[in-house]
Number of protein chains: 2
Amino acid sequence: MTQHAGGDFVRRINVGDLLTRSAARAPGSDAVIDGERRYSYALLEAWSNQLAHGLLARGYKVGDALALMSGNSAEFLATYFACAKIGVVCVPINLLWRHGELAYVLQHAGVRGAVVTARMLEQFLTGLTPGQALRDVFVIDEGEDAQADLPQPLARISFAQLSAGQVSDVPSVAVPDRASLSYLYTSGTTSAPKGVVGSHLAIYLESLGTAIDTELSRRDRVLALMPMFHTAQLNAICTPAVAVGACIVIMQGFEAQSLLDLVVRERLTVLFALPMMYRALVEAQQARARDVGSLRLAVYAMAPMPDHELRAAIDTFGCGFSLMFGQTEMSPVATFFRPEHQLSHPGAVGTPGINVQVGIIDEAGRLLPQGEAGEIVYRSPQALSGYLHDQDATDTVFRHGWFHSGDAGYFDADGVLWFKDRFKDVIKSGGENIASIEVEKALYASDPDIAEVVVVGLPHERWTEAVTAIVLLRPGKRLDEAALMQQLRERLSPFKCPKSFIVVDAMPKTATGKIQKAVLRRAYADHYASESRR
Amino acid sequence: MTQHAGGDFVRRINVGDLLTRSAARAPGSDAVIDGERRYSYALLEAWSNQLAHGLLARGYKVGDALALMSGNSAEFLATYFACAKIGVVCVPINLLWRHGELAYVLQHAGVRGAVVTARMLEQFLTGLTPGQALRDVFVIDEGEDAQADLPQPLARISFAQLSAGQVSDVPSVAVPDRASLSYLYTSGTTSAPKGVVGSHLAIYLESLGTAIDTELSRRDRVLALMPMFHTAQLNAICTPAVAVGACIVIMQGFEAQSLLDLVVRERLTVLFALPMMYRALVEAQQARARDVGSLRLAVYAMAPMPDHELRAAIDTFGCGFSLMFGQTEMSPVATFFRPEHQLSHPGAVGTPGINVQVGIIDEAGRLLPQGEAGEIVYRSPQALSGYLHDQDATDTVFRHGWFHSGDAGYFDADGVLWFKDRFKDVIKSGGENIASIEVEKALYASDPDIAEVVVVGLPHERWTEAVTAIVLLRPGKRLDEAALMQQLRERLSPFKCPKSFIVVDAMPKTATGKIQKAVLRRAYADHYASESRR
């Protein structure tokens, strides 16, 4: 084992050390509960060290990339921390990706090895393309009946074999503070996936900051339901939990009754789920009440919950609710909508996280005063190191000495942040700027038959962009455009009302349930072209 | 104002940002209460920014050193954060230092300016020596009747003048993560003071880590009674409080009744005091009970509280008690003796802090297994950058890839750390290693007339070091050596019993109440010289 003398090694910052130290403080505490399998901190630490030594033995070095394709599992966490301990860059694979995106990411990240669950192996192999750096495929749950060898030059190795016989002490590898911990590819609301480079320092600080902001302690038992390949579950919930020595309880796939049973059985204290899931949980709990008194905090992400739903959820569960708002580039949490603001400021996205300074700027990069809307920008050690192999995008996003979120918003007089829209979703129509979110809210309020709606600006000869509503109706319903427009005109200025409605059968969505506006904009780019030719 | 483009400035780590962000999250919250003066976070932030701009206007740059000589005050905190914001290194002055130490520190740190309270100015000026870099003296509470000018080349400027007319927005200065935040001179238990260089990154992480370990939140109201010039009050209590947006309540000088009144008046939630102070508080509360129900945590430092005193304090105050153990070089907290261990492991020093890995090593630098005693060593981003102008001491303290604490100890089977002694206080006598603390405990237990005792090894021709007890008796008592020795022999192996007793009238102590063993060792170095000539 290498000996590293000197202060730099003593003062190192490594996300893997968060696990090592929680194991030292309370070795017997529950770290991960994955169905019938229960791992103490001592066990998770030892396993993770063995995996790290296994990778070292196969020649993995600081900066090598390892893909990780698994549902939520103890193996996912053990691998993530194993990579961290030796400076190998973890590249979580989005399970919704098919061959095109998968091949792009494996190639772009220069992945050398991959950890893949057996039942996802076939899907994973669709991402193979000639000339990739990929050599090793470590298969989780590799059965006795494992299929034949993979195509050359790939070696098929069982995941169990990777750690077998390895020592369980902390590997002694010098990993710089700003070394890359992960490449997280942002899923396709824009055209090509971007590789967000997250450093040890960024994720380490995010873990401590989020633990403070959510008042997480070693007594907490947190749910891991949302996909771990996504930064929110991984870095806003799991790494803070490991940092403080809390317990992570894994659930695969959402089902409201089962989740409530899990809350009771494992005495969960913190949930993390989407607003639509809380809606289902409220109904399930109202249908059959359980003792969910262990819950203290329910976290949701991406967007505010409608006021009446939030009130119903608070009434039903009696715990605090908190919105986490941010993006992959911020590792990810930028603001918290804290329990005490939820009812007094419905619709806001909260106040800045402990590591985050938030500004509102105009297009020239000037800070705007309270109350004025502009682009939301951040300063924070949690910000990404950059986009992988894309210096232009990196320079652009850091212009004016801020990280540009791409979100539009403003601060109110109480210092609470309000999100207006994705900046690029602001529609520029006839010289006016229109926030699509405002039109969407009016649509929901005007017609109960609308299940989902997005409003986009589509190219138009006269309006530059024409406000256009893309609508998914509830089953069996049809759209009465005239009646809807009459309703809308009472709620919106005329220039904000849609120029047309497009009814669809399904909405394209990302793995985390966000509607992919960019996909819709591309699909209907020519919608008004025919009209202008008429 | 300089514009700093690019990711480095966005991702910066600066202790001053902790204040900026707490002010943004909750501008109206109490930040500091200093007697009749109350400062909101918005006010403290604005003041601190104005001071920073005042220093910039006078040409202060990243790396310049500013001495700070004040009792606990709002000015102290405003100055500390002002320095942080612009990368000026803060050099807190120990108020017990007299001209020799003061002159040494001002010279050694290359101090360019000093912030000094008016009533301490005379004492401060005793530290002037020719050739110092010192130019500006900013005087707090400068009255109308200010004395004449200071000797050339010193400029005397009122502290109020420094910030007057300056803008209150955040200064835009690029300060590297590992830039020095402070030089903290360790007070004289060893011969020459050493300048411990603390970086922004180290103190930033310590602030977050300690906030998590003490479960500090914005609802807390913490006492600032111990001197702010000492790392424990400054970095283990005040900077974590600022990080989470808690309120700091200043008290100058300890008096038990007044402190209890302050707890009631300001609804204090967290205390930080010495064990002897808690003893006095228990007596005061038992004499006249107040409602101290706001208290949730009482922190003490340096050494475990005797079991019976701890139990009395817990009974009396009904809150958690927690020992912080560490040293200036660790910024400072290394381990916490958490409330849940206090009664089950009396006498231990706790489990590691969230940023700290603790090892026990032998003299060859080999890690020792659980249960074996050796030197306590740390790995942590909280560790000092180094000793100022002393590369040899820096290299020595970081040998073997660990920070060497100079403390001897071991881990028990529960993973709880036990302190045996300062490593250099282990007495090597007749081929045996003797922990002075063990002999001291036996002395206290054997003779109730002993008020204070320290046991040191003094040079001896036959024993190499002779175990020697230096004793302060309670008023009016005298030492019965024969009776005491008889008692001791029942408690200690013969080779651990003192070879002689030295009765003194007073013990030399540091500002934080530690007995200065080095001073005693020097004073009595020749104690056995005469004997050996007999």
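Residues numbered from 1 in each chain as written. Chains lettered and ligands numbered in written order. Predicted model: local features only at pLDDT ≥ 70, side-chain atom pairs only at ≥ 80, totals over all residues. Heavy atoms only, no water.

- Taking an unreviewed UniProt entry as the reference, chain A is identified by name as AMP-binding protein belonging to Achromobacter veterisilvae.

## With respect to the overall build of chain A
Argument step 1. Scanning chain A from terminus to terminus reveals 17 helices and 26 strands.
Argument step 2. Against the 2.2 N^0.38 benchmark of 24 Å for 534 residues, chain A shows a C-alpha radius of gyration of 24 Å, consistent with a compact globule.
Argument step 3. With the C-alpha coordinates of chain A rotated into their principal frame, the extents come out at 75 × 55 × 50 Å.
Argument step 4. By element, 51% of the accessible surface of chain A is carried by carbon and sulfur atoms, the whole surface being about 20600 Å². (Helix = DSSP H or I, 4+ residues; strand = E, 2+ residues; numbered from the N terminus. Rg over C-alpha atoms; globule rule 2.2 N^0.38 Å. Areas by Shrake-Rupley, 256 points an atom, 1.4 Å probe, with all protein chains shown as cover.)

## Things to note about the sheet that holds strand β18 (residues 374-379) of chain B
All names here are of chain B.
Argument step 1. Taken in spatial order, the four strands line up as β17-β18-β20-β21 in an open sheet, and their pairing is antiparallel. Edge positions in the sheet fall to β17 (357-361) and β21 (417-422), since each of these pairs with one other strand and no more. Recorded for the sheet is a direction-independent mean angle of 50° between the axes of neighbouring strands.
Argument step 2. Relative to β18, β17 is paired through five bridges, and the arrangement is antiparallel. Pairing of Gly359 across the sheet is with Val377, part of β18. (Pairing = 2+ DSSP bridges. Axes fitted to C-alpha atoms, helices over the stretch in contact; angles between N-to-C directions.)

## Let's talk about unusual backbone geometry
Argument step 1. Backbone torsion omega between A:Ser331 and A:Pro332 reads -10°, so that peptide bond is classified as cis.
Argument step 2. Topologically, A:Pro332 is positioned in the loop between β14 (320-326) and β15 (333-337).
Argument step 3. Positive phi values are uncommon outside glycine, yet B:Arg267 reaches one of about 50°.
Argument step 4. Position of B:Arg267 among the secondary structure elements: in the loop between α10 (256-266) and β12 (270-273).

## Points about the packing of helix α2 (residues 15-25) of chain A against helix α4 (residues 74-86) of chain A
Residue and element names in this part refer to chain A.
Argument step 1. At a minimum axis distance of 7 Å, the contact between α2 and α4 shows a crossing angle of 115°. On the basis of the axis angle, α2 is roughly perpendicular to α4. Between α2 and α4 lies a crossing whose hand is left-handed. Contacts from Val15, Gly16, Leu19 and Thr20 of α2 reach α4 at Phe81, Ala84 and Lys85.
Argument step 2. A breakdown of the residues in the contact of α2 with α4 according to their chemical character gives four nonpolar, two polar and one charged. (Parallel < 35°, antiparallel > 145°, perpendicular 65-115°, else oblique. Left-handed = near helix turned anticlockwise from the far one by under 90°. Contact = heavy atoms within 4.5 Å. Nonpolar A, V, L, I, M, F, W, Y, C, P; charged D, E, K, R; others polar.)

## Notes on the relation of the copies chain A and chain B
Argument step 1. Superposing chain A onto chain B takes a rotation of 180° combined with a translation of 0.0 Å along the rotation axis, leaving an RMSD of 0.1 Å. On this basis, the relationship between the two copies can be described by a two-fold rotation axis.
Argument step 2. Interface residue correspondence from chain A to chain B reaches 100%, placing this contact among same-surface, isologous pairings. (Least-squares fit on C-alpha atoms with pLDDT ≥ 70 in both.)

## Regarding the pairing of β17(B)
Argument step 1. With five of its five residues buried, β17(B) lies for the most part within the structure.
Argument step 2. Side-chain alternation along β17(B) places B:Gln357, B:Gly359 and B:Ile361 on one buried face and B:Val358 and B:Ile360 on a second face that is also buried. (Buried < 20%, exposed > 50% of the residue type's maximum accessible area, 1.4 Å probe, protein only.)

## Some details on the pattern of salt bridges
Argument step 1. Counted under the stated rule, the structure contains 50 salt bridges over all chains.
Argument step 2. Across the pair A:Lys517 and A:Glu440 runs a salt bridge, and its minimum N-O distance is 3.1 Å. Of the two residues, A:Lys517 is situated in helix α16 (residues 517-523) and A:Glu440 in helix α14 (residues 436-446); the sequence distance between them amounts to 77 residues.
Argument step 3. For A:Glu440, a relative accessible area of 12% puts it in the buried group.
Argument step 4. Of the charged contacts, one joins B:Asp64 and B:Arg112 as a salt bridge, the two residues approaching to 2.8 Å between their closest N and O atoms. Taken together, the residues B:Asp64 in the loop between α3 (41-57) and β3 (65-69) and B:Arg112 in strand β5 (residues 111-117) connect sequence positions 48 residues apart.
Argument step 5. Given the relative accessible area of 16%, B:Asp64 is considered buried.
Argument step 6. Within the structure, one salt-bridge network assembled from shared partners comprises A:Asp30, A:Arg38, A:Arg221 and A:Glu266. (Salt bridge = Lys/Arg side-chain N within 4 Å of Asp/Glu carboxyl O.)

## Examining the packing of aromatic side chains
Argument step 1. Enumeration over the complete set of coordinates arrives at 17 aromatic pairs over all chains.
Argument step 2. With centroids separated by 5.1 Å and ring planes inclined at 20°, the aromatic side chains of A:Tyr39 and A:Trp47 adopt a geometry described as stacked.
Argument step 3. Given the relative accessible area of 12%, A:Tyr39 is considered buried.
Argument step 4. In this structure A:Trp47 comes out as buried when scored by relative accessible area, which is 14%.
Argument step 5. Put simply, the rings of A:Tyr39, A:Trp47 and A:Phe159 touch in pairs and so form one group of aromatic residues.
Argument step 6. Its guanidinium or amino end placed over the ring of B:Trp402, B:Arg379 lies 4.0 Å from that ring's centre, counting from NZ or CZ. (Phe/Tyr/Trp six-rings, centres within 6.5 Å; stacked < 30°, edge-to-face > 60°. Lys NZ or Arg CZ within 6 Å of the ring centre and 35° of its normal.)

## A short note on the environment of A:Asp315
Argument step 1. Mapping A:Asp315 onto the fold places it in helix α12 (residues 307-317).
Argument step 2. As a C-alpha pair, A:Asp315 and A:Val282 span 33 residues in sequence and 9.2 Å in three-dimensional space.

## Looking at the nonpolar core
Argument step 1. Counting 312 residues, the largest nonpolar core has A:Phe321 and B:Phe321 as its most contacted members.
Argument step 2. B:Phe321 has contacts with B:Tyr278, B:Leu297, B:Ala298, B:Tyr300, B:Met305, B:Leu310, B:Ala313, B:Ile314, B:Phe337, B:Arg338, B:Pro339 and B:Gln342, leaving out every residue within four places of it along the chain. (Core = buried A, V, L, I, M, F, W, Y, C linked by side-chain atoms within 4.5 Å.)

## With respect to the sheet that holds strand β18 (residues 374-379) of chain A
Residues and elements named next belong to chain A.
Argument step 1. Ordered in space as β17-β18-β20-β21, the four strands form an open sheet in which the pairing is antiparallel. Each edge of the open sheet is held by one strand with a lone partner, namely β17 (357-361) and β21 (417-422). The sheet shows a mean angle of 50° between the axes of neighbouring strands, taken without regard to direction.

## Things to note about the interface of chain A and chain B
Argument step 1. Across the boundary between the two partners, chain A contributes 52 residues, which contact 52 residues of chain B.
Argument step 2. For the pair chain A and chain B, the two sides together bury roughly 4100 Å², of which 55% comes from carbon and sulfur.
Argument step 3. It is A:Val10, A:Arg11 and A:Arg25 in chain A that bury the most area against chain B; as a group they hold 18% of the surface buried on that side.
Argument step 4. The interface formed by chain A and chain B includes eight salt bridges. (Buried area = accessible area lost by both parts, 1.4 Å probe.)

## Side note on the confidence of the model for chain A
Argument step 1. Of all residues in chain A, 96% have pLDDT values of 70 or greater, and the mean over the chain is 91.
Argument step 2. With pTM at 0.88, the complex prediction returns an ipTM value of 0.87. (pLDDT = per-residue confidence, 0-100.)

## Some thoughts on helix α15 (residues 481-491) of chain A
All names here are of chain A.
Argument step 1. Among the residues of α15, Leu484, Met485 and Leu488 are the ones counted as buried. The arc enclosing the buried residues of α15, seen along the axis, measures out at 100°, which places them on a common side. Away from its buried face by more than 90 degrees, α15 exposes Ala482, Gln486, Arg489 and Glu490.
Argument step 2. Buried residues belonging to α15 abut α14, β24 (450-460) and β26 (500-503). (Arc of directions from axis to C-beta.)

## Topic: the packing of helix α2 (residues 15-25) of chain B against α3(B)
Residue and element names in this part refer to chain B.
Argument step 1. Direction vectors running N to C along α2 and α3 enclose 140°, while the axes themselves pass 8 Å from each other. Between α2 and α3, the angle is such that the two are oblique. Along this stretch, α2 crosses α3, giving a crossing that reads as left-handed. Across from Leu19, Thr20, Ser22 and Ala23 in α2, the residues of α3 making contact are Tyr41, Ala42, Leu44, Glu45 and Ser48.
Argument step 2. Along the lines of polarity and charge, the residues of the contact of α2 with α3 split into five nonpolar, three polar and one charged.

## Topic: the side chain of A:Arg11
Argument step 1. If you trace the backbone, A:Arg11 turns up in the loop between α1 (7-10) and α2.
Argument step 2. Take A:Arg11: its relative accessible area is 10%, and that puts it in the buried class.
Argument step 3. At 3.2 Å, the side chain of A:Arg11 forms a polar contact with the side chain of A:Asp8.
Argument step 4. Look past the residues within four positions of A:Arg11 in its chain and what remains in contact with it is A:Asp177, B:Arg178, B:Ser380, B:Pro381, B:Ala383, B:Leu384, B:Ser385 and B:Phe398. (Polar contact = N/O pair within 3.5 Å; in protein donor to acceptor, adjacent residues only side chain to side chain.)

## Things to note about α3(B)
Residue and element names in this part refer to chain B.
Argument step 1. Along its 17 residues, α3 runs 24 Å from first to last C-alpha, staying within 8% of the 24 Å computed at 1.5 Å per residue.
Argument step 2. If you check which residues of α3 are buried, you get Tyr41, Leu44, Glu45, Trp47, Ser48, Asn49, Leu51, Ala52, His53, Gly54 and Leu55.
Argument step 3. Remark: Gly59 follows α3 within two positions and exhibits a positive phi of approximately 90°. (Expected span 1.5 Å × (residues − 1).)

## Digging into the side chain of B:Glu206
All names here are of chain B.
Argument step 1. Mapping Glu206 onto the fold places it in helix α8 (residues 200-213).
Argument step 2. Buried charged residue Glu206 carries no salt bridge. Nearest counter-charge: Arg338, at 12 Å.
Argument step 3. Dropping the residues within four chain positions of it, Glu206 is found in contact with Asn235, Ala236, Thr239, Pro240, Met330, Ser331, Pro332, Val333, Asn355 and Gln382. (Lys, Arg positive; Asp, Glu negative; His and termini not counted.)

## With respect to the environment of A:Ala529
Residue and element names in this part refer to chain A.
Argument step 1. Mapping Ala529 onto the fold places it in helix α17 (residues 529-533).
Argument step 2. By relative accessible area, which is 25% here, Ala529 ends up partly exposed.
Argument step 3. Once the C-alpha coordinates of Ala529 and Leu295 are considered, the two residues, 234 residues apart in sequence, prove to be 54 Å apart.

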